[in-house]
Amino acid sequence: MSRSALLIGQGLAGTILGWELLRRGWQVHLIDHHHQGSSSLVAGGLWNPISFRTHGLTWRATELLEAMENCYPALARELGQAIYHPLPLLRVLSSAEEANRWDERMTDPALRPFLADSAVPPQGIHAPFGVGEVKHAGWVDVPALLTGMRDLWLEAGILAHENFDESALQTGADGVHYRGLRADVAIWCSGWQVAGSRAFSWLPVVPNKGEILTFRTTRFSSESILNFGQFILPLGGGRYRAGATWKLGAADDRPTEQARQYLLGRLQQVMMSEEPEVIGQASGFRPTVPDRRPLLGSHPHQPRWHSFNGFGSRGVMLVPAMAVHYADVLEEKASLHPEVNLERYRTRLDP
Ligand SMILES: Cc1cc2nc3c(=O)[nH]c(=O)nc-3n(C[C@H](O)[C@H](O)[C@H](O)COP(=O)(O)OP(=O)(O)OC[C@H]3O[C@@H](n4cnc5c(N)ncnc54)[C@H](O)[C@@H]3O)c2cc1C
């Protein structure tokens, strides 16, 4: 049974897996190059158990929500910061057809606990077909979580701010060795950047660029999250975050004027007001996977190398449950769930 781990990456994945292993008594060391290219630092931080494509529950929603409840509030207490914000989410219904489907779903016993009986659009929102309210949604202040844990771990001497040099990693019968450090396993939690690693470049982690805006307005006010294909998240003090765009194959992760104009156009459609005052724009890459499932497991040729990756656009909801599951797998208390096992892409390594 492994008891010490070297984690490469302190994004949402590395932070929560590291925290889970530490509380199980593991020795953990993390390496992160100053959150360079981090997807977590620009994430909207939203979670939502309902898919608006199928109007059903998202994959393993109940289990994932339970794991979130055991994770984020405990982390918030540890940090002494309000990072966990359960909030209702209002879906702005786009057509009479969608409104009918919503009504049908409200009679589904599996969805009843997640949908409110009725909901009223916030003032200043254009919603001719009404809104539907999702319960058990919300957002996590991911940057505050990451920087808070970073500071604690830097002080504890278990996090190093440096680029992980794969050529300096040696793997032997007694574990992995990296610049004077020994651990039982090395776990890549490096998000979309895993595509540039030597160990796991064969995994189909596809960088999907997303951009978000932060804006201020007095023309509209909402204490709920709004979803109209895009989201608007209330941050307090008249500030909101809106996003996000999607783009495969983008050349770089810098914010663009095109995405800013697109998001402003979408905001104006739903807010019925003048252009809001933009006070920030951020962009990054989501670590997406073609079948939309995480990529967990040990390297087929090197059992001490592991991947904890592929959280796509839903890291906030997925990572806590997957961290518990993967820690159980490492401790040989569970076998890896086939749906998330990286073995499903093995032929990309061994055709
Ligand atoms: C615009 C946008 C909006 C999003 N909104 C949401 C949302 O509302 N809800 C949601 O659930 N998800 C959202 N996501 C997705 C979410 O950000 C990801 O699912 C999640 O953050 C992935 O976390 P990660 O730790 O796997 O990767 P990352 O956050 O990218 O972390 C990887 C870390 O590894 C480090 N690293 C990589 N390579 C090396 C190396 N060689 N040496 C040292 N360090 C290294 C990086 O510096 C980084 O800190 C959004 C993403 C984007 C881009």
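Conventions adopted
- Residues numbered from 1 in each chain as written.
- Predicted model: local features only at pLDDT ≥ 70, side-chain atom pairs only at ≥ 80, totals over all residues.
- Helix = DSSP H or I, 4+ residues; strand = E, 2+ residues; numbered from the N terminus.
- Rg over C-alpha atoms; globule rule 2.2 N^0.38 Å.
- Buried ≥ 20, exposed ≤ 12 C-beta atoms within 10 Å, placed from the backbone.
- Domains from an automatic or database assignment.
- Contact = placed C-beta atoms within 7 Å.
- Nonpolar A, V, L, I, M, F, W, Y, C, P; charged D, E, K, R; others polar.
- Core = buried A, V, L, I, M, F, W, Y, C linked by C-beta atoms within 7 Å.
- Pairing = 2+ DSSP bridges.
- Axes fitted to C-alpha atoms, helices over the stretch in contact; angles between N-to-C directions.
- Near = placed C-beta within 6 Å.
- Expected span 1.5 Å × (residues − 1).
- Arc of directions from axis to C-beta.

Undergrad: Tell me about the overall build of the protein, residues and numbers included.
TA: Summing up its helical and strand segments, the protein has 6 helices and 20 strands in all. What you see for the protein is a C-alpha radius of gyration of 21 Å, in line with the 20 Å of a compact globule of 351 residues. The C-alpha extent of the protein, read off along each of the three principal axes, is 65 × 45 × 45 Å. For the protein, the residues scored as buried account for 42% of the 351 residues in total.

Undergrad: Kindly report on the domain arrangement of the protein, identifying the contributing residues and their values.
TA: Interface size, as often reported, equals the accessible area lost upon joining of the parts. Domain parsing of the protein yields domain 1 (4-44 + 143-205 + 291-348) and domain 2 (88-136 + 206-288). Relative placement of domain 1 and domain 2: their C-alpha centres are 31 Å apart. On the domain 2 side, the residues contacting the 15 residues of domain 1 number 16 residues. By residue class, the composition of the side of domain 1 that touches domain 2 is 6 nonpolar, 9 polar and no charged.

Undergrad: Now, about the environment of R105: what can you tell me, with residues and values included?
TA: On the secondary structure map, R105 appears in helix α3 (residues 96-105). Through-space distance from the C-alpha of R105 to that of G157 is 51 Å; in sequence the pair is 52 residues apart. If near-sequence neighbours (up to four positions away) are discounted, R105 is found in contact with H55, L111 and L115.

Undergrad: Report on the environment of A5, specifying residues and quantitative values.
TA: Along the chain, the position of A5 falls in strand β1 (residues 4-8). A residue is classified by how many C-beta atoms lie within 10 Å of it, and A5, with 26 of them, is buried. Separated by 120 residues in the primary sequence, A5 and I125 have C-alpha atoms spaced 49 Å apart. Setting aside residues up to four positions removed in sequence, A5 forms contacts with L21, W26, V28, A183, D184, V185 and I187.

Undergrad: Which residues make up unusual backbone geometry, and what are the values?
TA: Cis geometry marks the peptide bond from G243 to A244, where omega comes out at -10°. One non-glycine residue with positive phi stands out, namely H35, at about 55°. Take H35: it is sitting in the loop between β2 (27-32) and β3 (46-47). The backbone phi angle of R292 is positive, close to 60°, even though this residue is not glycine. Here R292 is to be found in the loop between β18 (277-288) and β19 (295-299). For R292, a count of 12 C-beta atoms within 10 Å gives the class exposed.

Undergrad: I'd like to hear about the nonpolar core, residue by residue, with values.
TA: By size, the foremost hydrophobic cluster in this structure holds 98 residues, and its most contacted members are L7, I8, L17, I187 and Y326. Looking at which element gives the most residues to this core, the answer is helix α6 (residues 315-330), with 12 residues. Each residue touching L17, except ones within four places of it in the same chain, is listed here: L7, I187, C189, F308, A323 and Y326.

Undergrad: Quick rundown of the sheet that holds β19? Include the residues and the values.
TA: In spatial order, the strands read β8-β2-β1-β12-β20-β19; together these 6 strands make up an open sheet with mixed pairing. Edge positions in the open sheet fall to β8 (159-161) and β19, since each of these has one partner strand only. Ignoring which end each strand starts from, the neighbouring axes of this sheet average 20° apart. Across 4 bridges, β1 lies against strand β12 (residues 185-188) in parallel orientation. Opposite L7, over in β12, you have I187 as the bridge partner. The sheet contacts of helix α1 (residues 12-23) involve β1, β2, β12 and β20 (302-309), and relative to β2 the element is tilted by about 165°.

Undergrad: Lay out the site of the ligand with the relevant residues and their values.
TA: Around the ligand, a shell composed of 46 residues is seen, among which G9, G11, G191, G210 and G315 lie nearest. Of the residues forming the shell around the ligand, the biggest block, 4 residues, is contributed by β18. Its residues placed into classes, the shell around the ligand shows 18 nonpolar, 24 polar and 4 charged. For the shell around the ligand, the two domains that each supply at least three residues are domain 1 (4-44 + 143-205 + 291-348) and domain 2 (88-136 + 206-288).

Undergrad: So what's going on with the sheet that holds β3? Residues and values would help.
TA: Spatial strand order, β3-β7-β4: 3 strands in an open sheet with antiparallel pairing. For this open sheet the edge positions go to β3 and β4 (84-86), each flanked by a neighbour on one side alone.

Undergrad: Help me get a handle on helix α4 (residues 142-156), residues and values and all.
TA: End to end, α4 covers 21 Å across 15 residues, agreeing with the expected 21 Å (1.5 Å per residue, within 8%). The complete set of buried residues in α4 reads V142, L145, L146, M149 and W153. In a view along the axis of α4, the buried residues occupy a sector of 90°, so they form one face of it. Seen from the buried face of α4, the exposed residues on the opposite side, beyond 90 degrees, are D151 and E155. Packed against the buried residues of α4 are α1, β2, α2 (61-79), β7 (138-140), β8 and α6. G157 sits one or two positions beyond α4 and adopts a positive phi of about 75°.

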